[in-house]
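Take a look at the letters that make up each chain.
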Amino acid sequence: GKGEASVNTFASLVQDAHRAVRLELLRVVYTWCRTLDYSDLYSQESRLMPYLLTGLFDPDEDIARTTFDWLEQLGRDYESLNEADLKERVEYGWLDEAAKEAARPPLPPPFTRRPRLGARLRVREHFRRLVQTVCEEMRCWQSQQRAPSAKLLCALMMYQEEHLTEFVDKLVPALAACLTLEDDDSGEVERGASQCARLLAHHVPAAAY
């Protein structure tokens with residue numbers, strides 16, 4: 001009714017205390033991303049993707065690994081759908097890809113390798129729409145809200161790579177604010193934000209800021 005607070009059911013379920021609830025939500029989101037008609041999916045996926053990416057840092061290691069595998073499959077789907085557009089990049093860009101793989105920073109779990117091309121491109125499509133909101137949430141005075149936002153930003157950055165450069169003006173102040181707030185008793189916020197800072201330092205030359 002009028003005046004009632006809105007509740008984000010997905011946000012509650014993705015942080016549910018029960019493993020089976022979190023896994024089922026992630027499975028549903030993944031299934032939607034695979035089965036929705038692409039013309040409908042594009043307008044909806046930026047709303048769905050944050051929940052799937054959050055699964056990469058689920059406290060259950062099996063869920064985190066499963067989420068990574070699902071994102072890799074979504075990447076394969078993207079590559080198949082855009083095969084003609086990606087053909088030249090795949091055929092002639094393998095040396096560049098190999099060099100980036102060799103130079104990559106240590107990866108946080110559950111990443112055992114650099115995400116495949118299609119997965120990176122698919123997540124990047126939504127970065128611009130999501131980054132402002134995530135950065136604002138990282139300034140929240142409550143560490144319980146900053147911690148998942150820092151983890152989500154880390155996941156987004158893993159797929160954005162060198163394309164982070166144009167967003168430095170948003171990322172640096174948000175990370176600085178996140179790290180200077182002092183209610184992080186568990187250290188969870190600091191770990192997430194520090195990982196973001198390491199990724200930013202690796203992918204963006206200092207002269208770019």
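Scoring rules and cut-offs
- Residues numbered from 1 in each chain as written.
- Predicted model: local features only at pLDDT ≥ 70, side-chain atom pairs only at ≥ 80, totals over all residues.
- Heavy atoms only, no water.
- Helix = DSSP H or I, 4+ residues; strand = E, 2+ residues; numbered from the N terminus.
- Expected span 1.5 Å × (residues − 1).
- Buried < 20%, exposed > 50% of the residue type's maximum accessible area, 1.4 Å probe, protein only.
- Arc of directions from axis to C-beta.
- Contact = heavy atoms within 4.5 Å.
- Polar contact = N/O pair within 3.5 Å; in protein donor to acceptor, adjacent residues only side chain to side chain.
- Phe/Tyr/Trp six-rings, centres within 6.5 Å; stacked < 30°, edge-to-face > 60°.

A. Inspection of helix α10 (residues 188–203) at higher detail. Taking 1.5 Å per residue as the helical rise, α10 with its 16 residues ought to reach 22 Å, and the 23 Å between its terminal C-alpha atoms agrees with that figure. If you check which residues of α10 are buried, you get Val189, Gly192, Ala193, Gln195, Cys196, Leu199, Leu200 and His203. Each buried residue of α10 sits inside an arc of 155 degrees when the element is viewed along its axis, so together they form one side. Opposite the packed face of α10, turned more than 90 degrees from it, sit the exposed residues Arg191 and Ala201. Against the buried residues of α10 lie α8 (143–160) and α9 (168–180).

B. Spatial organisation of the side chain of arginine 122. Topologically, arginine 122 is positioned in helix α7 (residues 117–137). By relative accessible area, which is 4% here, arginine 122 ends up buried. One polar contact links the side chain of arginine 122 to the main-chain carbonyl oxygen of cysteine 33, over a distance of 3.0 Å. Apart from the residues within four sequence positions on either side, arginine 122 is in contact with Cys33, Leu41, Glu45, Met49, Leu74, Asp77 and Tyr78.

C. Structural detail: the packing of aromatic side chains. Tallied over the entire structure, the rule returns six aromatic pairs. The interplanar angle of 20 degrees and the centroid separation of 6.1 Å between the aromatic rings of phenylalanine 10 and tryptophan 32 together place this pair among those described as stacked. Of the two residues, phenylalanine 10 sits in helix α1 (residues 9–13) while tryptophan 32 sits in helix α2 (residues 19–35), which places them 22 residues apart along the sequence. Among the residues examined, phenylalanine 10 registers a relative accessible area of 24% and is labelled partly exposed. The exposure class of tryptophan 32 is partly exposed, given its relative accessible area of 37%. An aromatic cluster is built from Phe10, Trp32 and Tyr51, whose rings are joined through pairwise contacts.

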